[in-house]
Structures are given as C-alpha cells and as structure tokens.
Amino acid sequence: MLAVLLSLGLHSCSTEFDITADNLNTPIVYCLLNTSDSVQYVRLQKTYLIEQSATEYPPHPDSLIFPGEILVTMEKLRNGVIQSTYHFTPVYDMPKDSGFFPNSRHILYRTYARIEPNTTYRLYIYLGSEEKVVYAETSSLGKLTVVDPMDLSMRKISLYEGCNYTCRWQPVEDAGLYQVMIRFHYTETLDGVTTHHYLDWPQGYSTPGTATDYLSKDISGIRFMHILQENLSIKPGVVRAAEGIDFHILSGTMELRYYIDSNSASESALMEKPVYTNIVNGLGIFSTISEVDIDGLYLSSVTLDSIAYCRFTSQLGFLDHTGDRDSTNELAEFN
C-alpha cells in the first residue's frame with residue numbers, strides 16, 4: 001500500500017500554493033516527534049476561505065476537516081532500509097484550548113512509537129477525497145544531556161531578586177534551537193481545603209551559536225518574582241505554599257528553528273517573510289524534539305522567604321520557609 005501511496009504523492013508533488021484560489025484545500029500538517037515519549041501525534045487540517053471578517057465569524061468545524069478516507073502512516077529507516085512501520089489512528093478526546101478556532105470535532109492522529117535518536121522518519125498522509133499523498137521526512141536528534149540542574153534528591157534551587165539561576169547542558173548534534181521551561185508548583189488552602197496548582201514559565205528560545213562544550217540559559221530571579229505577581233491574583237483568606245520547581249529543557253531541529261523564525265514578527269512592517277514548510281503537497285512542519293525533565297526540585301529557604309515577603313509577592317499569601325506568615329520573619333533585604 002505504501003508503494004502505491006508514494007507513487008501518487010510523487011506524481012502530484014508540489015510545494016507551491018496559491019492559498020487564495022477557489023476551492024483549494026491545502027493540507028496543513030503539524031507533527032513533532034518526541035524522543036522522550038512513547039506516544040506520537042499528528043494534527044491535520046485544511047485551509048479555508050470566508051467572505052466575512054475572520055475576527056467576527058470563526059470557521060465551521062467541518063471547514064477545517066478533510067472528508068472521506070484518511071490514512072496516516074510513518075516509517076522508520078536506517079541506512080535507507082525500512083525498519084518499522086507505524087499506523088496512526090484518529091482520536092477525538094484530546095482537549096483543545098478555547099479561542100477563535102472551533103474546538104468541537106477536534107481530531108488528532110496517534111500512534112505508539114519510541115523515537116530513536118539519529119534516525120530517519122518518513123510521514124505519509126493519504127487523502128482519499130483529494131486523491132493526494134502528503135509526504136515529509138525528518139531525522140531525529142541525539143540525546144540531550146543536562147548538566148545543571150542535576151537530578152538529585154533534596155536538590156534546592158535559589159531563584160529570587162538578586163539571585164539568578166543558570167541551566168547548563170551539552171549541545172546536541174544538528175540541533176537548531178533550545179528552550180528552557182520552568183514549572184512552579186504551589187498549593188492554596190482555604191477553609192481547610194487544600195488544592196494543588198502549577199504555573200508554567202517558558203523562557204525565550206536560544207540558538208547554539210559557535211561550537212562549545214556547554215550551553216547555558218540564565219533564569220532571572222527578579223523576573224521570576226514578577227511572573228508570580230503578574231499571574232497569581234490576591235485572594236483574601238487563601239494561604240499559599242510553594243511546593244517546588246521543575247525544569248524542562250528541550251532541543252529542536254534546524255527545521256523547527258526555520259519554521260519558528262518564519263512565523264515570528266518581521267523587523268519591518270513592510271517585509272513579508274516566506275513561511276517555512278518541509279511538507280510536500282502541503283504546509284506545516286514535521287520534525288523532532290529531544291526533551292529532558294528534571295522534576296521535584298526544592299526551593300531554598302531564602303527563595304521561600306523571598307516569595308513570602310518581597311515587595312512583588314508579599315500580598316499573595318505565601319508561607320515562608322518556617323511554614324508561617326509571621327511578619328517578624330520579614331527580612332529587610334526583601335523590601
């Protein structure tokens with residue numbers, strides 16, 4: 001079957017589209033294979049045209065979905081030889097954020113596959129209604145090795161006004177970008193009922209630059225306090241307690257870097273950048289990421305006291321490192 005699908009795809013191969021042409025259903029594909037996960041997803045939709053103002057009339061769910069038969073398949077290759085074939089099945093229970101585009105009839109395609117490092121993967125999508133095959137190929141990245149923070153029990157992180165934290169990792173061959181994401185865990189207690197919460201704080205993308213043994217990202221302590229101030233509301237009677245912090249460090253391919261760069265704002269309003277795609281017979285991105293999660297790290301006593309009493313977060317109701325809100329514990333350096 002794949003040989004037939006590939007022949008159809010090669011026969012109709014094209015990467016140039018006029019997205020304003022009448023009745024042109026251009027496939028849009030998003031797939032980031034994750035070497036740290038055993039489940040992989042593909043998102044498929046199509047372009048649509050409307051006459052009304054797009055800000056007032058969101059598209060009907062059916063206008064984003066291809067009808068008819070859809071087959072999604074992926075091959076793993078080594079030295080040009082197919083090692084494994086994976087078949088994706090549609091899933092309808094994955095939640096989608098609310099927004100302009102409809103979240104009903106939200107379809108993803110899922111397969112169970114461990115993505116091996118430094119391996120070639122090919123994606124095929126057969127669209128029966130269009131008699132078309134969408135095709136893409138990518139090579140997975142090598143292993144991402146984090147140097148700091150190390151995954152050690154009872155490790156404590158200091159991050160407060162006047163104290164930054166530096167993440168360090170070894171560069172990954174052929175990686176085009178990196179990103180560090182901080183997840184802050186905390187609890188809220190009201191009338192004896194405690195609930196658990198978290199706040200994600202993604203850092204800006206960084207690029208490898210010149211060859212080096214280690215790469216790093218400085219996490220701003222004062223910015224961390226501002227993030228808490230900006231994202232957590234003051235709740236009378238609520239007592240909060242900082243539980244800990246996670247670090248998620250991700251590396252992406254050069255393809256992913258090109259795609260992100262092409263979708264970022266231009267330096268000049270008069271400049272229109274071409275949108276990068278590596279999808280044959282469609283638009284979008286098929287690429288891989290390598291991710292390391294360092295979870296369950298504790299915050300240092302001085303960080304806990306800073307969150308409880310500093311000028312930016314003192315009204316949020318956080319407990320200090322002793323587990324109380326006694327103003328006599330307030331340190332002058334936090335004000």
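Given the structure is predicted, the values throughout are model-derived calculations rather than measurements.

Chemist: Outline unusual backbone geometry, supporting the account with residue identities and numerical values.
Modeler: If a residue is not glycine, its phi is most likely negative; likewise, a peptide bond is most likely trans. Going from Asp 148 to Pro 149, the amide bond is cis rather than trans, its omega being 10 degrees. Here the phi dihedral of Asn 118 falls at roughly 55 degrees; this positive angle occurs in a residue that is not glycine. Residue position: Asn 118 is located in the loop between strand S5 (108-112) and strand S6 (120-127). Its relative accessible area of 51% is what places Asn 118 among the exposed residues.

Chemist: Go over the pattern of salt bridges with me, naming the residues and quoting the values.
Modeler: For the structure shown, the criterion picks out 10 salt bridges. The salt bridge partner of Asp 200 is Arg 183, with a shortest N-O separation of 2.6 Å. One end of the pair, Asp 200, is in strand S12 (residues 193-202); the other, Arg 183, is in strand S11 (residues 175-190), with 17 residues separating them in the sequence. Residue Asp 200 is classed as partly exposed on the basis of its relative accessible area of 31%. A single salt-bridge network, built from bridges that share partners, covers Lys 76, Arg 78 and Glu 116.

Chemist: Before we move on, could you go through the packing of aromatic side chains and cite the residues and values that matter?
Modeler: When we look at a pair of aromatic rings, we describe it by the centre distance and by the angle of the planes. All told, the structure shown has 10 aromatic pairs when counted by the stated rule. Judged by centre distance (5.5 Å) and plane angle (45 degrees), the rings of Tyr 165 and Phe 247 are tilted. With Tyr 165 in strand S10 (residues 165-169) and Phe 247 in strand S14 (residues 239-253), the pair connects residues that are 82 residues apart, well separated along the chain. According to the relative accessible area criterion, Tyr 165 is buried, its value standing at 8%. For Phe 247, a relative accessible area of 1% gives the class buried.

What counts, and at which threshold
Residues numbered from 1 in each chain as written. Predicted model: local features only at pLDDT ≥ 70, side-chain atom pairs only at ≥ 80, totals over all residues. Heavy atoms only, no water. Helix = DSSP H or I, 4+ residues; strand = E, 2+ residues; numbered from the N terminus. Buried < 20%, exposed > 50% of the residue type's maximum accessible area, 1.4 Å probe, protein only. Salt bridge = Lys/Arg side-chain N within 4 Å of Asp/Glu carboxyl O. Phe/Tyr/Trp six-rings, centres within 6.5 Å; stacked < 30°, edge-to-face > 60°.

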